Amino acid sequence: MAKDYSFDVVCRTDLQEAANAVNQASKEIGTRYDFKGSKSSVTLDEDKITLIGDDEHGWDDDFKLKLVKDIIHGKLVKRGISLKNLKEEKKEAAAGGTVRQVLSLQNGISSDMAKDIVKRVKASKIKVAAKINGDEVRVSSKDKDCLQECIQF
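Residues numbered from 1 in each chain as written. Predicted model: local features only at pLDDT ≥ 70, side-chain atom pairs only at ≥ 80, totals over all residues. Heavy atoms only, no water.

Student: I'd love a proper account of the nonpolar core, names of residues and values included.
Tutor: In terms of nonpolar packing, the biggest core is built from 20 residues, with Val42, Ile49, Leu51, Ile72 and Leu76 touching the most fellow members. Contributions of two or more residues to this core are made by helix H1 (15-31), strand S3 (48-54), helix H2 (63-78) and strand S6 (98-105). The biggest single contributor to this core is H2, with six residues. Counting 14 residues, the second-largest nonpolar core is a separate cluster that includes Cys11, Ala114, Val128 and Val137. (Core = buried A, V, L, I, M, F, W, Y, C linked by side-chain atoms within 4.5 Å. Buried < 20%, exposed > 50% of the residue type's maximum accessible area, 1.4 Å probe, protein only. Helix = DSSP H or I, 4+ residues; strand = E, 2+ residues; numbered from the N terminus.)

Printed below as a string of structure tokens:
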């Protein structure tokens, strides 16, 4: 009896590591001299990171927001979270002369992306079967070499 081998294509974000990164970034913002007296902050709510930046000197409107974003990006990378897992929403003005931006953490693959992955795998003519299981794609085959070829593809 032949055994099927498989691998899954998924997109998962460790929310505990994201929370640790946000806590570290928040502490850094609180202790840095260039943020002294600033309303800048970073918070995590479920799977959304909210960045708030202000500018009391009249420079670029989102200068502090860019600094906050750089800080959180650095902390996320150090924690092993890829920046490709972040979906940036547009900047918006907030109360008190601040600017707010929300970064969404992706968990799972959207149905459109999953359909595209399955279509590309089938078009590659590699002898594997790809099917969608909820928010992930499972690729299976009886031959390990075919799976490795698919992974390279």
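Student: Let's hear about the pairing of S6: which residues, and what values?
Tutor: Of all eight residues that make up S6, seven are buried, and the element is covered over most of its length. Bridge analysis of strand S4 (residues 86-88) against S6 gives three bridges, and the strand direction is antiparallel. For Leu86, the partnering residue across the bridge sits in S6 and is Leu105. Relative to S6, strand S5 (residues 92-94) runs antiparallel, the two sharing three bridges. Within S6, the position partnered with Glu92 by the bridge is Arg100. Connecting S5 to the antiparallel partner S6 that follows it, the hairpin turn spans three residues, and Gly96 within it adopts a positive phi of roughly 70 degrees. (Pairing = 2+ DSSP bridges.)

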